[in-house]
Amino acid sequence: MSASGGTKAIVAALAANLAIAVAKFVAFLFSGSSSMLAESVHSLADSGNQGLLLLGGKKAQREATPQHPFGYGRERYIYAFLVSIVLFTVGGMFAIYEGIEKINHPHPIEAWYWPVGVLVFAIIAESFSFRTAIKESNEIRGKQTWTQFVRRAKAPELPVVLLEDLGALIGLVLALGGVGLALLTGNGVWDGIGTLCIGVLLIVIAIVLAAETKSLLLGEAAGIEEIEKIKTALVDGDVVTRVIHMRTLHLGPEELLVAAKIAVEGHDTATQVADAINAAEARIREAVPIARVIYLEPDIYRPEATK
């Protein structure tokens with residue numbers, strides 16, 4: 001996985017979530033808080049998700065084969081999609097089930113200092129993980145807003161970690177609120193309500209992740225800036241006079257397929273056209289290094305051919 005894949009952010013999130021999951025589960029055993037149980041499962045699911053992202057990045061590095069001639073770059077999209085499924089089923093659905101159970105059968109929280117202490121510790125640890133993800137994202141985000149970055153990023157790992165960390169921090173605040181209200185009122189129902197809110201939050205995040213990674217799995221074109229760079233690189237004003245039409249497709253986060261029909265003059269020789277195509281490919285790769293698979297078809301320009 002390249003640096004743009006956010007390996008540092010993934011490892012930071014994995015380390016934080018494993019430590020937090022253990023701490024939350026210990027707090028649940030001592031306090032009986034359903035919010036703590038839901039949060040421990042949430043952190044455990046997040047740890048598994050980071051493991052999936054690392055596994056996907058490793059598998060994506062395999063060389064192309066005759067059966068998969070364009071390589072395995074999309075493995076990263078598949079494993080990111082699996083993350084959304086895990087987050088929905090293991091994290092969200094379990095928290096909703098546990099919250100409903102606690103609302104129907106409330107009981108007071110024991111040893112309150114365990115859940116409160118662990119939640120404060122977890123907020124601090126998740127904040128460091130979130131800070132790392134933000135720092136890694138800022139290096140490649142450019143002038144995009146955070147919403148645009150999550151929606152347009154071709155490498156799925158950083159958006160996944162960002163949303164997971166954001167969801168974890170909000171979930172911790174909800175858990176702390178549920179535990180706090182349960183302690184103040186002496187009514188364990190509030191603990192169940194906090195757990196229920198955590199479940200709804202995780203499901204919403206899982207749906208957003210699933211929608212974005214589904215788009216990547218279906219195949220997304222290059223960004224607008226990259227498309228303009230490719231079109232500019234194609235035309236040399238001598239042999240290649242214009243781009244008749246062009247299609248791009250991400251084979252993976254760092255691999256782009258470019259297919260274009262280019263206009264040449266009818267009097268050009270085959271040698272001139274072949275040399276012009278080779279030169280155009282070189283210009284494209286220089287302008288957009290991730291454009292690794294390029295197919296150019298020469299043709300005589302006719303206005304109807306662009307329709």
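For the structure itself, consult the block above.
For the structure given in this document, a descriptive report is provided here. Please read these numbers as outputs of a predicted model, since none were measured by experiment. (Residues numbered from 1 in each chain as written. Predicted model: local features only at pLDDT ≥ 70, side-chain atom pairs only at ≥ 80, totals over all residues. Heavy atoms only, no water.)

### A word on the nonpolar core
One broad trend across soluble globular proteins is that nonpolar side chains are buried collectively.
And step 1. Counting residues in each nonpolar core, the largest one holds 45 residues, and the members touching the most others are Leu-53, Val-161 and Leu-209.
And step 2. Elements supplying a minimum of two residues to this core: α1 (7-31), α2 (34-59), α3 (75-104), α4 (113-141), α5 (146-152), α6 (157-185) and α7 (189-218).
And step 3. Per-element accounting of this core gives the leading share, ten residues, to α6.
And step 4. Discounting chain neighbours no more than four positions away, the residues touching Leu-209 are Val-83, Ser-84, Leu-87, Pro-159, Val-160 and Leu-163.
And step 5. Counting 23 residues, the second-largest nonpolar core is a separate cluster that includes Ala-233, Met-246, Val-273 and Leu-296. (Core = buried A, V, L, I, M, F, W, Y, C linked by side-chain atoms within 4.5 Å. Buried < 20%, exposed > 50% of the residue type's maximum accessible area, 1.4 Å probe, protein only. Helix = DSSP H or I, 4+ residues; strand = E, 2+ residues; numbered from the N terminus. Contact = heavy atoms within 4.5 Å.)

### Remarks on the pairing of strand β3 (residues 291-300)
And step 1. In this sheet, β3 lies alongside strand β2 (residues 255-264) in parallel orientation, the contact comprising nine bridges. Across the sheet, residue Ile-262 finds its bridge partner in β3, namely Pro-298.
And step 2. Regarding topology, helix α9 (residues 270-287) serves as the crossover connection from β2 to the parallel β3, and that connection is right-handed. (Pairing = 2+ DSSP bridges. Right-handed = clockwise from strand over helix to strand, strands pointing away.)

### Describing the packing of aromatic side chains
And step 1. The tally for this structure, following the rule as stated, stands at four aromatic pairs.
And step 2. Ring geometry for Phe-25 against Phe-28: centres 5.9 Å apart, planes inclined by 40°, an arrangement best described as tilted. Here Phe-28 and Phe-25 lie together in helix α1, a separation of three residues that amounts to about one turn.
And step 3. Both rings, one in Trp-146 and one in Phe-149, keep their centres 6.1 Å apart while their planes meet at 85°; by these two values the pair is edge-to-face. With Trp-146 and Phe-149 both in helix α5 and three residues apart, this pair spans about one turn of that helix.
And step 4. You can call Phe-149 buried: its relative accessible area is 2%. (Phe/Tyr/Trp six-rings, centres within 6.5 Å; stacked < 30°, edge-to-face > 60°.)

### Quick look at the sheet that holds β2
And step 1. Spatially, the three strands line up as an open sheet ordered β1-β2-β3, and their pairing is mixed. Edge positions in the open sheet fall to β1 (242-252) and β3, since each of these has one partner strand only. On average, each strand axis in the sheet is tilted by 15° relative to the strand beside it, whichever way the strands run.
And step 2. Relative to β2, β1 runs antiparallel, the two sharing nine bridges. The residue bridging Gly-252 from the neighbouring strand is Glu-255, located in β2.
And step 3. Contacts from helix α8 (residues 224-234) reach β1, β2 and β3, with the element oriented near 135° to β1. (Axes fitted to C-alpha atoms, helices over the stretch in contact; angles between N-to-C directions.)

### Remarks on the packing of α1 against α6
And step 1. Contact pair α1 / α6: the axes reach a minimum separation of 10 Å and the direction vectors enclose 30°. In terms of orientation, α1 and α6 fall into the roughly parallel class. The element α1 and its partner α6 pack so that their crossing is left-handed. Contacts from Ala-9, Ile-10, Ala-13 and Lys-24 in α1 reach Glu-157, Leu-158, Val-161, Asp-165 and Leu-172 in α6.
And step 2. Here the residues of the contact of α1 with α6 sort into six nonpolar, no polar and three charged. (Parallel < 35°, antiparallel > 145°, perpendicular 65-115°, else oblique. Left-handed = near helix turned anticlockwise from the far one by under 90°. Nonpolar A, V, L, I, M, F, W, Y, C, P; charged D, E, K, R; others polar.)

### Here we look at the pattern of salt bridges
And step 1. With the rule as written, the count across this model stands at ten salt bridges.
And step 2. A salt bridge links Glu-157 to Arg-76; the nearest nitrogen and oxygen atoms lie 2.8 Å apart. Of this pair, Glu-157 sits in helix α6 while Arg-76 is found in helix α3, placing the two residues 81 residues apart along the sequence. Take Glu-157 and Arg-76: they sit in the same class, and that class is buried.
And step 3. Between Glu-281 and Arg-285 there is a salt bridge, with the nearest N and O atoms lying 3.9 Å from each other. Highlighted residues: Glu-281 and Arg-285, both in helix α9, separated by four residues, approximately one helical turn.
And step 4. Sharing partners across several salt bridges, the network here consists of Arg-76, Glu-157 and Glu-254. (Salt bridge = Lys/Arg side-chain N within 4 Å of Asp/Glu carboxyl O.)

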